[in-house]
Amino acid sequence: MERNGEDDVAYNRAYLTAPSDDDDGGGDFEASALSSNMFLDHVGEVVLSHNSDGLSWKLLESIHNIKGEFLLSQNMIIVCSFSGKSKDIEEGSHCLGIKLDHKVPDKIKFSDMYAVELTGYGSIHRSNAEKNCFGKEFHGYEMYRFKAHGFRKSKTQPCLWVPATYTFGHNDLSTCEMWVNQVNASLNREVGRPKNLLVFVHPLSGKGNGYRNWEMVAPIFARAQVKTRVIVTQRAGHAFDVITSITNNELKSYDGVVTVGGDGFFNEILNALLSSRYKAPYPPAPSDFAQSVGINGCSVVHNPNETVSENSDQNEDDDPLLTIPQHNGSGSSNLRTYHQDADFPIPNEWFRFGIIPAGSTDAIVLCTTGARDPITSALHIVLGKRLSLDIAQVVRWRVTAASKVEPCVRYVASFAGYGFYGDVISDSEKCRWMGPKRYDYCGTKVFMKHRSYEAEIAYLEVESENSTSVSNRGRLLNRVQALWGPNKPERQICRTNCTICNTKPVYTSTRGTRPTPYSRPEETRWLKSKGCFLSIGAAIMSNRNERAPDGLVIDAHLSDGFLHLIMIKDCPRTSYLWHLTELARKGGNPLDFEFVEHHKTPAFTFTSSGNESVWNLDGELFQAHQLSAQVFRGLISLFASGPEV
């Protein structure tokens, strides 16, 4: 029953299906034409097949109880390991009449595989079933090996992606090389995968995890043969300066930019790219607001070439930008058109942003991948996932009530907040030595002060306003029903392949009508709200985080062209505590209160009645007495696919 080495090679090759006589000799025959009879480590004999969409294997009987002996063929073995640890994955094999019934993967798609590599000659372990039956360990085989790298989804957390490595061994080196070449050819046909990336690492983000997190994921990029130019930032604003100074030709040589840090670090690089290359009209505004800032229609195209510096010595995860664009208000006054840089158009068909989480909250990663995990984010990047993301443009017109009009533009990816949110971020700047715990400490302090602010907000009404905003009448009844009743209102949550985000097209041309809900000004109407507010927030996404498991707005979408304007009116401290408690509770209803206004809108304006006010833009401080904001639908793309159900 045994074979010598030459017989083994002949035996193995006999199970490889060669190209047919009809093949043109080019060597690129159908993927399904390749299959081998082999052994799967810890399982037994399988037939491995190369299909049009991936690799698959069918389990055969690997262990036979014949006269008390095990007859084990020695042609090819596969070791399947997850996260570097081998597991028993027998399914349907038998040992002395005892069935070993364990679930085993039987295929991997090329869309889930990011690399295949030849690893040379070495050991591959034999079946664990032999150890289970006889209580002793058998030596492994020495043969040539190659590995296929992919991922599997965690059984308990579907959004968490776990690396899966399949190691194949064979006595014949040429056979291993043939399989590697064939799989590589299939992987090269996968569309949208990056080849060259610009990576910025914030070494002090979060608890100083920036560089450690990059070292953790760097091997994934190396295996996937993705070239990375890595820049470890040395000071606040370092990444901003690099992005603004890099030429368009050099930037076009990259498939995207990856940030290793928190939301604030991503905000810095986002603003660097958009402020230097994206030219768009200012947000629309009601006539009285436009007159107060001395411009016609608030719709001029800004000039990104003029800048003003705001110095900061902060060097952690949420560093404020050193350079903020200032605009002179010259240019076109046509609200319905916008202009692009022909050398580097935005939105961009190929250029994407990636985020390796290493911050204090990482809300953007949680909302776009569903997991605050560096490995999961790295796998999304190397597999070339794509997700459109709305971006809000915030224009500050006055810093204080007495200052002159000096428009300053910022871009926001997740959230803009005032009042409670601005006070927390302002106080936390003084307590950076506490790390992420500073937010809980400062949040408690600000809550106890219970300070309210007088302001006026105007927002654009949209068709669905009546259905998305809850009227004061019946709020209490709705809240009680939501808390105690069996029937909760249905809310469509943004997930992978979201129908709402995919319904309307994003920008498709470099010059033309912007696809915003206010593209026809004659059909829009401004609504106003004036009074004392504990907080005002504009959420672009749900903003899920560890303190708010469902986020500020559970059904906010990533690319629907709307902001969620949330205004918390002055109320007793106990009522506000109830609101915050609902916000921190999974399945809570933080918006169903009489003192809460919630509106979906594409644009709004804000004017403080005080001398000055502080805003929180993606975790960044922003002084603004008077500002306006609008959302651009699908302005950028991320290496992400959205959270799973």
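The shown structure was predicted, so the numbers you read here are calculated from the model rather than taken from an experiment.

Conventions and cut-offs
Residues numbered from 1 in each chain as written. Predicted model: local features only at pLDDT ≥ 70, side-chain atom pairs only at ≥ 80, totals over all residues. Heavy atoms only, no water. Helix = DSSP H or I, 4+ residues; strand = E, 2+ residues; numbered from the N terminus. Buried < 20%, exposed > 50% of the residue type's maximum accessible area, 1.4 Å probe, protein only. Contact = heavy atoms within 4.5 Å. Areas by Shrake-Rupley, 256 points an atom, 1.4 Å probe, with all protein chains shown as cover. Salt bridge = Lys/Arg side-chain N within 4 Å of Asp/Glu carboxyl O. pLDDT = per-residue confidence, 0-100. Expected span 1.5 Å × (residues − 1). Pairing = 2+ DSSP bridges. Core = buried A, V, L, I, M, F, W, Y, C linked by side-chain atoms within 4.5 Å.

Trainee: Which parts of the structure should I look at to understand the overall build of the protein chain?
Mentor: Of regular secondary structure, the protein chain possesses 16 helices and 33 strands. When each of the 645 residues of the protein chain is scored for burial, the buried share is 56%. Across the protein chain, every contact between residues at least 6 apart in sequence was considered, and the portion connecting residues at least 24 apart equals 75%. When the accessible surface of the protein chain is totalled, it reaches about 28,000 Å², and 49% of it is carbon and sulfur.

Trainee: What should I look at first to understand the pattern of salt bridges in this one?
Mentor: When charged atoms on two side chains of opposite charge get close, those side chains can pair. The tally for this structure, following the rule as stated, stands at 11 salt bridges. The salt bridge partner of Glu644 is Lys153, with a shortest N-O separation of 2.9 Å. Note that Glu644 is positioned in the segment after strand E33 (626-638) and Lys153 in strand E12 (residues 141-153), a separation of 491 residues in sequence. Across the salt bridge formed by Glu546 and Arg372, the nearest N and O atoms sit 2.7 Å from each other. Remark: Arg372 occurs in the loop between helix H9 (363-369) and helix H10 (374-382) and Glu546 occurs in the loop between strand E27 (525-539) and strand E28 (563-569); sequence separation between them is 174 residues.

Trainee: For this particular structure, what's the right way to read the confidence of the model for the protein chain?
Mentor: Where the model shows low pLDDT, its predicted coordinates should not be examined in detail. Averaged over the protein chain, the pLDDT score is 76; the fraction of residues at 70 or greater is 67%. This model gives residues 62-102 a pLDDT under 50, and the stretch forms 130 contacts once residues within four places in sequence are excluded.

Trainee: Can you help me understand helix H7 (residues 263-277) in this one?
Mentor: Helical geometry note: an α-helix holds 3.6 residues per turn, so side chains three or four residues apart project in the same direction. The end-to-end C-alpha separation of H7 is 21 Å, in line with the 21 Å expected for 15 residues at 1.5 Å each. Counting buried positions over the 15 residues of H7 gives 14, a clear majority of the element.

Trainee: Mind showing me how you'd approach the pairing of strand E16 (residues 256-261) here?
Mentor: Most of E16 sits inside the fold, with 6 of its 6 residues counted as buried. Burial along E16 is two-sided: the residues Gly256, Val258 and Val260 and Val257, Thr259 and Gly261 are all buried. Pairing of strand E14 (residues 196-201) with E16 involves 5 bridges; the strand directions are parallel. Paired with Leu197 across the bridge in E16 is Gly256. Of the strand pairs in this sheet, E16 and strand E21 (residues 352-357) are connected by 6 bridges, and their pairing is parallel. Counted as the bridge partner of Thr259 is Ile355 from E21.

Trainee: Is there a simple way to think about the side chain of Thr601 in this case?
Mentor: Structurally, Thr601 can be placed in strand E29 (residues 596-601). The exposure class assigned to Thr601 is buried, which follows from its relative accessible area of 0%. Sequence-distant contacts of Thr601, defined by excluding residues within four places in its chain, comprise Tyr459, Leu460, Phe562, Leu563 and Leu565.

Trainee: What should I look at first to understand the nonpolar core in this one?
Mentor: One recurring pattern in soluble globular proteins: nonpolar side chains tend to sit buried together. Core analysis: the biggest nonpolar cluster contains 50 residues, and Phe200, Leu270, Phe353, Ile391 and Ile636 have the highest contact counts within it. When contributions to this core are tallied by element, the ones reaching two or more residues are E14, helix H5 (238-245), H7, E21, H9, strand E22 (387-398), strand E23 (408-412) and E33. The contacts of Phe200, once residues within four sequence positions are left out, are Ile231, Ala239, Val242, Ile243, Val257, Val258, Thr259, Val260, Phe265 and Ile269. Of all hydrophobic cores here, the second largest spans 27 residues; its members include Ala392, Ala455, Ile536 and Leu565.

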